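One-letter residues, chain by chain:
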Amino acid sequence: MLSPLKRSDLISSISDPEHPISLGELAVVSLPDIEIKPTLPDVPDSPLQTVTVLITPTITHCSLATVIGLGVRVRLEQSLPSRFRMDVRIKEGTHSTGDEVNKQLADKERVAAALENGALMGVIAKMMETCH
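Residues numbered from 1 in each chain as written. Predicted model: local features only at pLDDT ≥ 70, side-chain atom pairs only at ≥ 80, totals over all residues. Heavy atoms only, no water.

**Student:** Tell me about unusual backbone geometry, residues and numbers included.
**Tutor:** The backbone phi angle of Ala-27 is positive, close to 65°, even though this residue is not glycine. With respect to the element layout, Ala-27 can be found in the loop between α1 (4-12) and β1 (34-38). When its relative accessible area of 43% is taken as the criterion, Ala-27 is described as partly exposed. (Helix = DSSP H or I, 4+ residues; strand = E, 2+ residues; numbered from the N terminus. Buried < 20%, exposed > 50% of the residue type's maximum accessible area, 1.4 Å probe, protein only.)

**Student:** Give a detailed account of the packing of helix α2 (residues 65-79) against helix α4 (residues 108-115), specifying residues and quantitative values.
**Tutor:** In contact at an axis separation of 12 Å, α2 and α4 are set at 90° when each is read in the N-to-C sense. When the axis of α2 is compared with that of α4, the two are roughly perpendicular. Each of Leu-70, Arg-73 and Val-74 in α2 lies in contact with α4, whose residues at this interface are Val-111, Ala-114 and Leu-115. Classifying every residue of the contact of α2 with α4 by side-chain character gives five nonpolar, no polar and one charged. (Axes fitted to C-alpha atoms, helices over the stretch in contact; angles between N-to-C directions. Parallel < 35°, antiparallel > 145°, perpendicular 65-115°, else oblique. Contact = heavy atoms within 4.5 Å. Nonpolar A, V, L, I, M, F, W, Y, C, P; charged D, E, K, R; others polar.)

**Student:** Lay out the nonpolar core in plain terms, naming residues and giving numbers.
**Tutor:** Residues Ile-11, Ile-14, Val-51, Val-53, Ile-55, Val-72 and Leu-76 are the most contacted members of the largest nonpolar core, which totals 33 residues. Elements supplying a minimum of two residues to this core: α1, β1, β2 (49-55), α2, β3 (84-90), α3 (98-106), α4 and α5 (118-128). The element best represented in this core is α2, accounting for seven residues. Excluding anything up to four places from it in sequence, Val-53 contacts Ile-11, Val-29, Asp-33, Ile-34, Val-72, Leu-76, Asp-87, Val-88 and Arg-89. (Core = buried A, V, L, I, M, F, W, Y, C linked by side-chain atoms within 4.5 Å.)

**Student:** Pulling in residues and values, what's your account of the sheet that holds β3?
**Tutor:** Taken in spatial order, the three strands line up as β1-β2-β3 in an open sheet, and their pairing is mixed. Here the strands that pair on one side only, and so sit at the sheet edges, are β1 and β3. Across this sheet, the average inter-strand angle for adjacent strands is 20°, counted without regard to direction. Relative to β2, β1 runs antiparallel, the two being bridged by five bridges. When the sheet's bridge partners are listed, Glu-35 is paired in β2 with Thr-52. Against the sheet, α2 makes contact with β2 and β3, and its axis sits at roughly 165° relative to β3, the strand it touches most. (Pairing = 2+ DSSP bridges.)

These figures capture arrangement, not role.
Written out as C-alpha cells, the structure is:
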C-alpha cells in the first residue's frame with residue numbers, strides 16, 4: 001500500500017504545461033483528491049487497486065486540462081506496478097467542459113492515440129522533467 005505522502009509525491013512535482021510551477025504548488029492535484037481502492041472489492045485476495053486522482057484546474061476554461069490529465073496518467077503508469085489501474089478525472093464543477101475532458105481521459109483508445117502524438121508527448125515529457 002502506498003503511504004499518503006507517497007501518493008501525492010508521485011504527481012505533485014509535475015510541472016504545469018504553461019508555467020514553471022508544479023501541479024502541487026498550484027493545487028491542481030492535492031492529497032485529499034487522491035484515493036486508492038480495491039479494483040475488485042468483492043474479491044478480497046485480488047491485488048488489483050485503482051488510483052483515482054481528481055484534478056482541479058486553476059481556471060474553469062483551462063485549455064490544457066486534458067494534457068494535464070494525460071500527464072498525471074502517464075506519470076502514474078510509469079511509476080506504479082501494473083496491478084494499479086488509473087482513474088484520472090477533472091473534479092466535478094471545476095471546469096466548463098469537465099464532462100468532455102473526463103470522457104477523453106477515460107477512453108483507453110483515445111488516450112493511446114494521444115500518447116502516439118509526438119508533439120503531445122514532447123509537452124508531457126517537459127512536464128515530467130521536474131519529477132524525482
